[in-house]
Amino acid sequence: MRIGQVIGRTVMSVQDPSFKGGRFLLVSPLDASQFSQACSAKMPVTAQSTVVVYDNIGAGEGDVIGFSEGAEATAPFPSPIAIDALCIAIFDRIDYTPFSEKNEFNSPN
Amino acid sequence: MLIARIVGNAIATHCHSSLSGKKLLLCQQLGDGDAEIGAPFVAIDLFGAGLHERVLVSTDGLGARHLVDDDTSPIRMFVQGIIDEAEEIPA
């Protein structure tokens with residue numbers, strides 16, 4: 001599951017009928033340097049390519065979401081659906097302590 | 001399977017039903033010589049891996065669905081084991 005920030009939505013009048021009722025979010029995947037202030041500040045768009053993610057749990061703009069890619073994105077749907085990225089979590093908090101900031105308090109070894 | 005290091009955790013109250021109640025750990029993929037590759041991703045963990053421990057992460061969706069025994073689960077990455085020692089044999 002990759003992590004990204006919702007930066008917009010797409011609206012399509014002509015689309016595959018299996019998408020009926022779905023929302024498509026524009027998500028910019030986060031870089032490692034942005035994880036320390038992930039859920040607290042609005043972050044600039046990263047250089048990674050923006051992903052269009054199908055969403056049925058109601059993520060809004062500015063939310064930090066986790067999205068699953070590949071065949072697993074179609075697993076929750078009863079009928080076949082042509083998507084390859086699905087929003088599966090809206091993060092309230094992300095605690096990030098990279099290995100470079102290791103000290104004797106936060107890590108046993 | 002990837003070798004990764006746990007670099008944090010994530011809390012999501014609003015998520016897919018198969019994810020609720022599972023620990024979501026931030027993992028940073030490690031290359032040779034523990035070089036960090038790419039951005040951290042989230043994997044679910046049932047074995048209680050600690051912070052900065054090196055783990056084996058599987059990216060097999062079928063195994064993940066079997067692990068949470070929910071066929072409609074969109075999870076793909078899960079912690080398969082905690083690495084005690086990894087030895088690289090130079091080619």
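Residues numbered from 1 in each chain as written. Chains lettered and ligands numbered in written order. Predicted model: local features only at pLDDT ≥ 70, side-chain atom pairs only at ≥ 80, totals over all residues. Heavy atoms only, no water.

A. Looking closely at unusual backbone geometry. Residues and elements named next belong to chain B. Phi at Asp-34 is positive, roughly 55°, even though this residue is not glycine. By secondary structure assignment, the location of Asp-34 is in the loop between β3 (23-30) and β4 (36-45). Overall, the relative accessible area of 33% leaves Asp-34 in the partly exposed class. Phi is positive for Asp-69, which is not a glycine, with a value near 30°. (Helix = DSSP H or I, 4+ residues; strand = E, 2+ residues; numbered from the N terminus. Buried < 20%, exposed > 50% of the residue type's maximum accessible area, 1.4 Å probe, protein only.)

B. Expanded view of the side chain of Ser-28 of chain A. Residues and elements named next belong to chain A. Inspection of the secondary structure puts Ser-28 in strand β2 (residues 23-29). One polar contact links the side chain of Ser-28 to the main-chain amide nitrogen of Thr-46, over a distance of 3.5 Å. If sequence neighbours within four positions are ignored, Ser-28 has contacts with Gly-4, Gln-5, Ile-7, Val-45 and Thr-46. (Polar contact = N/O pair within 3.5 Å; in protein donor to acceptor, adjacent residues only side chain to side chain. Contact = heavy atoms within 4.5 Å.)

C. Geometry of the packing of aromatic side chains. Applying the stated criterion to the full structure yields 4 aromatic pairs over all chains. With centroids separated by 5.3 Å and ring planes inclined at 75°, the aromatic side chains of Phe-24 of chain A and Tyr-54 of chain A adopt a geometry described as edge-to-face. Pair noted here: Phe-24 of chain A is in strand β2 and Tyr-54 of chain A is in strand β3 (residues 51-55), with a separation of 30 residues, a long-range link. Tyr-54 of chain A carries the same exposure label as Phe-24 of chain A, and that label is buried. Taking 5.5 Å as the distance between ring centres and 45° as the angle between the ring planes, the aromatic pair formed by Phe-35 of chain A and Tyr-96 of chain A counts as tilted. Here Phe-35 of chain A is found in the loop between β2 and β3, whereas its partner Tyr-96 of chain A is found in strand β6 (residues 93-96), with 61 residues between them in sequence. Judged by relative accessible area, Tyr-96 of chain A falls into the buried class, the value being 14%. A cation over a ring is seen here: Arg-5 of chain B above Phe-99 of chain A, with NZ or CZ 3.6 Å from the ring centre. (Phe/Tyr/Trp six-rings, centres within 6.5 Å; stacked < 30°, edge-to-face > 60°. Lys NZ or Arg CZ within 6 Å of the ring centre and 35° of its normal.)

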